[in-house]
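Chain residues, written in single-letter form:
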Amino acid sequence: MNALFPIVPPPESPLEPPLALLAELTHRCPLQCPYCANPLELERAAAELDTATWLRVLDEAAALGVLQVHFSGGEPTARKDLLQLVQGAARAGLYSNLITSGVMLDAGSLGTLADAGLDHVQLSFQDADPAQADRMGGYRDGHRRKLVVAGLIRAAGLPLTANFVVHRQNLERLPEMLRLGEEIGASRIEIAHVQYYGWSLLNRAALMPSRAQLEAANAEVAAARERLHGRVTIDYVVPDYYAARPKACMGGWARRIINISPAGLVLPCHAAETLPGFSWPNVRDVSLGDVWHADPGFTRYRGTAWMPDPCRSCDQREVDWGGCRCQAFALLGDAGATDPACALSPSHHLMADAVLEADQPAPDLIYRRIRTAALVR
């Protein structure tokens, strides 16, 4: 614990504590997925938080009331101190989940992490077809390596979630993905349509599925849920671009999740760095409790008082919490506007316009690379 920021219980408040901490340990990653949600401005290793600061943050998160920590990236196994961080999470009483591509893991490292208290692994897959998976990840022989690691995860006694990100270039193989998740022994399969932030927004025209693809995927997931009921849980995340109502992004702005970037910025969601006009606090300078309860960026869109019409008068305002602020900014240039995913938004047509991209030939993918970002801005 760092005496600079002593851990004290938060003041009595109707505000509930965050359920989960998303700890983005690094932007380093051997894969180059063009749908990555990381910002185009990828952090260099020299800017990353040190081990002691992350350990303090884990203690502060537990004191704040956080129950789960999700170690993410980039690729979190690129951090040499991951074992220490897992141990720190266990000491703090946090349920820990490793979100990983798997390609840097082996039996020894998985066994050590399990012994240190790691509770769960979420393993990403780019496709069920090896060649297409390696093309999308930009990593040779990556798919084969993932299959090996899936077996090692189960051998280490760790629960496994198989995460498949789907889009127009792989949706036709959704049945194979579902079968693959079952074959590798995943207790949970996540079928996640690309959500268009960061690199995925840059590649939207190459990734947006057609309506026919989406409807086929909906039917396939429904059938798989019935077939695997009681054995495998299937989570399914559809793109907002086909919605009539927005989703409660991250459970509502600064309501359920607290996110920390590799450089220590404390954010209400992983895409909030894209919003102008905010001065996000850094865990090097301030405690998590102070940020959660009082930071102007966190309170700005929390609740309903900030909402314009039609959100303000909508009976769903405490269900979807106004949708996604980052999406409103990305498409409208105004983070305070009604999310265009909502059919009541005067800008809802922008979603339909974007969907038309799926009827055009897919442009070349722009891969997630630090040097690429400088060229596309």
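Position labels on residues start from 1 in each chain and follow its written sequence. Where totals are concerned, whole chains, interfaces and linings use all residues; where local detail is concerned, this predicted model gives features only for residues with pLDDT of at least 70, and gives and counts side-chain atom pairs only at 80 or more. Water and hydrogen atoms were dropped before computing side-chain values, which therefore reflect all heavy atoms in the structure.

**Quick notes on the sheet that holds strand β8 (residues 257-260)**
Within a sheet, neighbouring strands are paired by backbone hydrogen bonds and run either parallel or antiparallel to one another. Strand order in this open sheet of 9 strands is β7-β6-β5-β4-β3-β2-β1-β8-β9, and the pairing throughout is mixed. Looking at strand neighbours, the two that pair on one side only are β7 (233-237) and β9 (266-267), the edges of this open sheet. By this definition, two strands are paired if DSSP reports at least two bridges between them. Elements are defined by DSSP. Helices are runs of H or I of four residues or more, strands are runs of E of two residues or more, and each kind is numbered from the N terminus. Direction of pairing for strand β5 (residues 160-166) relative to strand β6 (residues 188-193): parallel, over a ladder of 6 bridges. The residue bridging asparagine 163 from the neighbouring strand is glutamate 190, located in β6. In the packing of helix α9 (residues 211-227) onto the sheet, contacts are made with β6 and β7, and the angle to β7 comes to roughly 160°. A contact between two residues is defined here by any heavy atoms of the two lying within 4.5 Å. In this analysis, axes come from line fits to C-alpha atoms, helices being fitted only over the stretch in contact, and the angle between any two N-to-C directions falls in the range 0 to 180 degrees.

**Section: the confidence of the model for the protein chain**
Note: pLDDT gives the predictor's confidence per residue, expressed from 0 to 100. Chain-level pLDDT for the protein chain is 93 on average; 95% of the residues reach the 70-or-more range. Of the regions scoring below 50 in pLDDT, residues 1-13 engages in 18 contacts with residues more than four places distant in sequence or in other chains.

**Some words on helix α5 (residues 142-155)**
In this model, α5 (14 residues) spans 20 Å end to end at C-alpha, consistent with the 20 Å of a helix rising 1.5 Å per residue. Accessible area is worked out with a 1.4 Å probe on protein chains only. A residue is then buried under 20% of its type maximum, exposed over 50%, and partly exposed in between. What α5 keeps buried is the set Gly142, His143, Lys146, Val149, Ala150 and Ile153. Buried residues of α5 fall within an arc of 115° about the axis and therefore sit on the same side. Packing partners of the buried residues in α5 comprise α3 (107-116), β4 (120-125), α4 (130-137), β5 and α6 (174-183). Just downstream of α5, glycine 157 is the residue with a positive phi angle, here 80°. In this scheme, a helix's expected span is set at 1.5 Å multiplied by one less than its residue total. It is the directions from the helix axis to the C-beta atoms whose arc is reported.

**Comments concerning the packing of helix α2 (residues 82-91) against α3**
It is at 8 Å that the axes of α2 and α3 come closest, and there the two elements cross at 20°. With respect to α3, the element α2 is oriented roughly parallel. You can see that α2 and α3 cross each other, and the crossing is right-handed. Here Leu82, Leu83, Val86, Gln87 and Ala90 of α2 lie close against α3, whose contacting residues are Thr112, Leu113 and Ala116. Gly falls in the polar group here, along with every residue not listed as nonpolar (Ala, Val, Leu, Ile, Met, Phe, Trp, Tyr, Cys, Pro) or charged (Asp, Glu, Lys, Arg). Its residues assigned to classes, the contact of α2 with α3 comprises 6 nonpolar, 2 polar and no charged. Should an angle fall under 35 degrees it is called roughly parallel, over 145 degrees roughly antiparallel, and 65 to 115 degrees roughly perpendicular, with every other angle called oblique. In this scheme, a crossing is called left-handed if the near helix is turned counterclockwise away from the far one by less than a right angle; it is called right-handed if the turn is clockwise.

**Here's the deal with the environment of leucine 201**
Assignment of secondary structure puts leucine 201 in helix α7 (residues 198-202). Sequence separation of leucine 201 and glutamine 327 is 126 residues, and the distance between their C-alpha atoms is 9.9 Å. Setting aside anything within four residues of it in sequence, one finds leucine 201 in contact with Tyr196, Tyr241 and Ala330.

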